[in-house]
Amino acid sequence: MSNINIKPEGDAVKSVPRADVKKMFEEFYPEWAVDFAIDSMMDIEDFEFIDMGHAPFAFKVMDIETAVIESKIGGFDSETWTDDDEDDAITSWLEDIEANLDGLVVSRHDGHESEFLVKNL
């Protein structure tokens, strides 16, 4: 198990097990997004620590309705996404949404229940 340097609000930088950082992140992000949020915060040049005062605001989780608006793709229309299979058409639609979301980190595909983890820019 690896340790991650974090800086709790109002405290000095300290090294804590990744499992503990995950528990902290689960307070403000869904379970499916936690590892991706942590990795994204660490994936910067000259990474030193995760600022836990900033962590709850670093990302937003969008539901499908919000992602449709933000991506400017529009709602699902079977005449626009014309794959042979409706599931394939929905997948194509979700991929188009992802391609047009600024700051996308990862998504969880579940048709009209999909969610998207996006960096707050």
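Scope of this entry: the structure provided in the associated data block. Worth saying up front: this structure is predicted, and the values here are computed from it rather than measured. (Residues numbered from 1 in each chain as written. Predicted model: local features only at pLDDT ≥ 70, side-chain atom pairs only at ≥ 80, totals over all residues. Heavy atoms only, no water.)

1. Structural notes on the packing of aromatic side chains
Moving on, step 1. What the rule picks out here adds up to four aromatic pairs.
Moving on, step 2. Considering the side-chain rings of Phe25 and Phe28, the 5.4 Å spacing of their centres and the 50° angle between planes classify their relative orientation as tilted.
Moving on, step 3. Judged by its relative accessible area of 27%, Phe28 falls in the partly exposed class.
Moving on, step 4. Taken together, a centroid distance of 6.0 Å and an interplanar angle of 35° make the contact between Phe25 and Tyr29 tilted.
Moving on, step 5. Exposure remark for Phe25: the relative accessible area of 0% places this residue in the buried category.
Moving on, step 6. In textbook terms, an aromatic cluster arises when at least three aromatic residues are bridged by ring pairs, as seen for Phe25, Phe28, Tyr29 and Phe59. (Phe/Tyr/Trp six-rings, centres within 6.5 Å; stacked < 30°, edge-to-face > 60°. Buried < 20%, exposed > 50% of the residue type's maximum accessible area, 1.4 Å probe, protein only.)

2. Brief notes about the pattern of salt bridges
Moving on, step 1. Evaluated as defined, the whole model comprises five salt bridges.
Moving on, step 2. The salt bridge involving Asp35 is made with Lys22; its shortest N-O contact spans 3.3 Å. Of this pair, Asp35 sits in helix 2 (residues 31-42) while Lys22 sits in helix 1 (residues 18-25), and the two are 13 residues apart along the sequence.
Moving on, step 3. Take Asp35: its relative accessible area is 28%, and that puts it in the partly exposed class.
Moving on, step 4. The class for Lys22 is partly exposed, based on a relative accessible area of 27%.
Moving on, step 5. Residues Asp110 and Arg108 are paired through a salt bridge, measuring 3.6 Å at the closest nitrogen-oxygen approach.
Moving on, step 6. Given a relative accessible area of 27%, Arg108 falls into the partly exposed group. (Salt bridge = Lys/Arg side-chain N within 4 Å of Asp/Glu carboxyl O. Helix = DSSP H or I, 4+ residues; strand = E, 2+ residues; numbered from the N terminus.)

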